[in-house]
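Coordinate analysis (summary)
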Amino acid sequence: MIEALYNKGIRELADAAHGAGRLAAPTGSALRDSPMCGDRVRMDVELVDGRIAALAHEVKGCLLCRASASLIGLHAVGHTPAEVERLRARMAAMLAGGEVSGTREGADEIALFAPVQGYRSRHGCVMIPFEALMIALAAV
């Protein structure tokens, strides 16, 4: 189980920590805590002309949470909130048992999380960075 959940791709994505840090003057920011597992994510975002111009995150959490935040850091900049919401929805659908479809941006990284499907208690670890980002965007 552990080897599948924490596969090489997940470990590399978490280690890359795309977008890790804080923004000096975010236009939106949100902090999300998971009372179940203790993961904590702060997501800062700068929205300019309806697109994410900059994004940063601080994660105190498990490998899955850090990898998910890194996926967001890798793909969110340059996109609209609606496009990021579609990425979030694709991740949630995959965790619920759906297939990772097509060649859309982020599909390769989303596929890395497929082993998490059978472990519902870990779905929140993957989704909390997305929740924090959506709250930060709503605050703009």
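Above this text sits the structure in question.
Residues numbered from 1 in each chain as written. Predicted model: local features only at pLDDT ≥ 70, side-chain atom pairs only at ≥ 80, totals over all residues. Heavy atoms only, no water.

Looking at the nonpolar core
In this structure, Leu 64, Leu 71, Met 91, Phe 113 and Leu 133 are the most contacted members of the largest nonpolar core, which totals 36 residues. Every element with two or more residues in this core is listed here: α2 (8–16), β2 (40–48), β3 (51–60), α3 (63–75), α4 (81–95) and α6 (123–138). Looking at this core, the element that brings in the most residues is α6, giving 9 residues. Once residues within four sequence positions are removed from consideration, Met 91 is found in contact with Leu 71, Ile 110, Phe 113, Val 126, Met 127 and Phe 130. (Core = buried A, V, L, I, M, F, W, Y, C linked by side-chain atoms within 4.5 Å. Buried < 20%, exposed > 50% of the residue type's maximum accessible area, 1.4 Å probe, protein only. Helix = DSSP H or I, 4+ residues; strand = E, 2+ residues; numbered from the N terminus. Contact = heavy atoms within 4.5 Å.)

Some details on the state of the cysteines
A complete count under the given rule lists 0 disulfides for this structure. Cys 37 carries a free sulfur, and the closest cysteine sulfur to it, the one in Cys 125, is 3.8 Å from it. This cysteine, Cys 125, is not joined by any disulfide, and Cys 62 carries the nearest cysteine sulfur, 3.8 Å off. (Disulfide = S-S within 2.5 Å.)

Remarks on the pairing of strand β1 (residues 28–33)
As paired strands, β1 and β2 are joined by 6 bridges and run antiparallel to one another. Across the sheet, the residue bridging to Arg 32 is Val 41, located in β2. In sequence, β1 turns back onto β2 through a hairpin of 6 residues, with Gly 38 there showing a positive phi of about 90°. (Pairing = 2+ DSSP bridges.)

Side note on the pattern of salt bridges
In this structure the tally under the stated criterion is 6 salt bridges. For Asp 44, the salt bridge identified is with Arg 22, shortest N-O distance 2.6 Å. Taken together, the residues span a long stretch of sequence, with Asp 44 in strand β2 and Arg 22 in the loop between α2 and β1 at a distance of 22 residues. With relative accessibility at 0%, the residue Asp 44 sits in the buried group. On the basis of relative accessible area, Arg 22 is assigned to the partly exposed category, the value being 44%. (Salt bridge = Lys/Arg side-chain N within 4 Å of Asp/Glu carboxyl O.)

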